[in-house]
Amino acid sequence: MDNSIFENTQFPYNIATESSIEPLKILQINLARAKAATNQLQETASTIKPDVILVQEQYINNNGIPGIPQTWKTFSSSNQKAAILIPSPKLKPALLATKVNMSALKIQTSSFPITIISAYSSPAQDVHTTLQEIQEIISSLPEEKIIIRADLKRHNTLWGYRSHDNRGKDILDFILANNLKIINKPDALPTSQRNNSVGWPDLTLCSQSLIDSSINWEVLEEISLSDHRYIETTIASTVANQFYKRYKTRHGNHLRFLNILERRKRLAAGLLLSSYFTLTDNREGVGETYDSEADLSSGVHQQPERPTAEEKASLWIQPSTSY
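Reading the values: rules and limits
- Residues numbered from 1 in each chain as written.
- Predicted model: local features only at pLDDT ≥ 70, side-chain atom pairs only at ≥ 80, totals over all residues.
- Heavy atoms only, no water.
- Helix = DSSP H or I, 4+ residues; strand = E, 2+ residues; numbered from the N terminus.
- Buried < 20%, exposed > 50% of the residue type's maximum accessible area, 1.4 Å probe, protein only.
- Contact = heavy atoms within 4.5 Å.
- Areas by Shrake-Rupley, 256 points an atom, 1.4 Å probe, with all protein chains shown as cover.
- Core = buried A, V, L, I, M, F, W, Y, C linked by side-chain atoms within 4.5 Å.
- Pairing = 2+ DSSP bridges.
- Axes fitted to C-alpha atoms, helices over the stretch in contact; angles between N-to-C directions.
- Parallel < 35°, antiparallel > 145°, perpendicular 65-115°, else oblique.
- Nonpolar A, V, L, I, M, F, W, Y, C, P; charged D, E, K, R; others polar.
- Salt bridge = Lys/Arg side-chain N within 4 Å of Asp/Glu carboxyl O.
- pLDDT = per-residue confidence, 0-100.
- Expected span 1.5 Å × (residues − 1).

**Some points on the overall build of the chain**
When helices and strands are tallied, the chain shows seven helices and 14 strands. Split into buried and exposed, the 323 residues of the chain put 43% on the buried side. For the chain, long-range pairs separated by at least 24 residues make up 66% of all intrachain contacts whose partners lie at least 6 apart in sequence. Element-wise, carbon and sulfur atoms account for 50% of the exposed surface of the chain, whose accessible area totals about 17,900 Å².

Next comes the structure, spelled out in structure tokens:
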């Protein structure tokens, strides 16, 4: 059976697609384990309206992140130092993995699916541990569109520092080995500032397959109440959600439900029939019928009647409203 028949977005069964009109917006911030910064995040999100928020060193209390709405979906690393937050209840992410130092999920846009990773490595930690976890996700998704937000606290001139260290070189080797692109701008504002010290520890990377997409990356000057600044990444592809209609039959209206179901069955049968004739158009003898044994012996046979364009069009029944 040709499964593409049922995957056709025009197939009006019980599948619906909902798309936004705004580009995908990702907000990034290291919250410095500060309660005030975590509380501030909700206010900032209400203004910027991001689709996805990637955080590191979030404030934790009772294994949760206080100060954010309970309606937000939260996907944290097992050490709870990196997380992905989904403010919109309409966005339907698929969790890929939660590891010690990172969390990864997939969302669907109007143009393509995209994998999003949030990761963290402390200055005292071997950065290769976090890089290996990210590597496992990348290796399992060849040619996938991926965006990575990681606070790795390593120095390199390519992401803003005035010099580089050996750990920064290790990260650069990882970037080159995986054919990733650095989205950070070398002349951007510092992503971190403490007293008189500034830094650019917050990296945003993407796969080469995302380069053709229009990506805008910017360090924001909004108040964060953290020693890190907000970073906004915008990708020119709108968010799209596919969901299934469900019918409530517990409280009656059974006859109406059966009528809708019968129409859907007729529609599916019509599509399968139409697909069968299309597939057999160029195959001699396939799908043909013989009137009699005499026809078989003489080689005379005829094609069965096929539905006209008007008859095919009549098979497309508009979906009824869910109830």
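Here the narrative resumes.
**Here's the deal with the environment of Ile148**
For Ile148, the position within the fold is in strand β8 (residues 146-151). Considered as a pair, Ile148 and Ser207 are 59 residues apart in the sequence and their alpha carbons are 8.7 Å apart. Every residue in contact with Ile148, bar those within four places of it in the chain, is listed here: Ile117, Ile134, Ile138, Leu180, Leu203, Thr204 and Leu205.

**Details of the nonpolar core**
Core analysis: the biggest nonpolar cluster contains 25 residues, and Ile117, Ile134, Ile148 and Ile171 have the highest contact counts within it. For this core, the secondary-structure elements that each account for two or more residues are β6 (102-108), β7 (113-120), α3 (127-140), β8, α4 (166-177), β9 (180-182) and β12 (202-207). Residues in contact with Ile134, not counting those within four places in the same chain, are Met102, Ile117, Ala119, Ile148 and Phe174. Listed in part, the 22 residues of the second largest apolar core include Leu24, Ile86, Ile114 and Ile116.

**Quick look at the sheet that holds β12**
Spatially, β5-β6-β7-β8-β12-β9 is the arrangement adopted by the six strands of the open sheet, whose pairing is mixed. For this open sheet the edge positions go to β5 (94-98) and β9, each flanked by a neighbour on one side alone. If you compare each strand with its neighbour and ignore which way they point, the axes differ by 20° on average. α3 rests against β5, β6, β7, β8 and β9 of the sheet, and its axis sits at about 170° to β7.

**A word on the pairing of β5**
Note on strand geometry: in a regular strand, side chains alternate between the two faces of the sheet. Summarising the sheet, β5 and β6 pair through four bridges and their orientation is antiparallel. Residue Ala97 lies in a different strand from β6, and its bridge partner there is Ala104. Between β5 and β6, which pair antiparallel one after the other, the connecting turn spans three residues.

**Side note on the pairing of β8**
A large share of β8 lies buried, amounting to six of its six residues. Sheet topology places β7 next to β8; six bridges connect them, and they run parallel. Across the sheet, residue Ile116 finds its bridge partner in β8, namely Ile147. Strand direction decides the pairing type here: β8 and β12, joined by five bridges, are antiparallel. By the bridge assignment for β12, Ile148 is matched with Leu205.

**Details of the packing of α3 against α4**
In contact at an axis separation of 11 Å, α3 and α4 are set at 10° when each is read in the N-to-C sense. By the angle class used here, α3 and α4 are roughly parallel. Residue-level inspection shows Val127, His128, Leu131, Ile134, Gln135 and Ile138 of α3 in contact with α4, the latter providing Asp170, Ile171 and Phe174. Grouping the constituent residues of the contact of α3 with α4 by class yields six nonpolar, two polar and one charged.

**Remarks on the pattern of salt bridges**
Under the definition given, this model contains seven salt bridges. A salt bridge links Glu136 to Lys99, with the nearest nitrogen and oxygen atoms 2.9 Å apart. Note that Glu136 is positioned in helix α3 and Lys99 in the loop between β5 and β6, a separation of 37 residues in sequence. Lys169 is paired through a salt bridge with Asp173; the nearest N and O atoms lie 3.3 Å apart. With Lys169 and Asp173 both in helix α4, this residue pair falls four residues apart, about one helical turn. Look at Asp173 and you get partly exposed, because its relative accessible area is 37%.

**What to know about the confidence of the model for the chain**
Summarising the model, the chain shows a mean pLDDT of 80, and 74% of its residues fall at 70 or more. For residues 1-13, every residue scores under 50 in pLDDT, and the model assigns this stretch 21 contacts once sequence neighbours within four places are set aside.

**Comments concerning helix α2 (residues 35-48)**
With 14 residues, α2 should cover 20 Å at 1.5 Å per step; its first-to-last C-alpha distance of 20 Å lies within 8% of that length. For α2, every residue scored as buried is listed here: Ala37, Thr38, Gln40, Leu41, Thr44, Ala45 and Ile48. With its phi angle positive at about 60°, Lys49 sits one or two positions after the end of α2.

**Points about unusual backbone geometry**
Positive phi is not limited to glycine here, since Asn62 has a value of about 55°. In this structure, Glu143 takes a positive phi of about 65° despite not being glycine. Structurally, the position occupied by Glu143 is in the loop between α3 and β8. On the basis of relative accessible area, Glu143 is assigned to the exposed category, the value being 80%.

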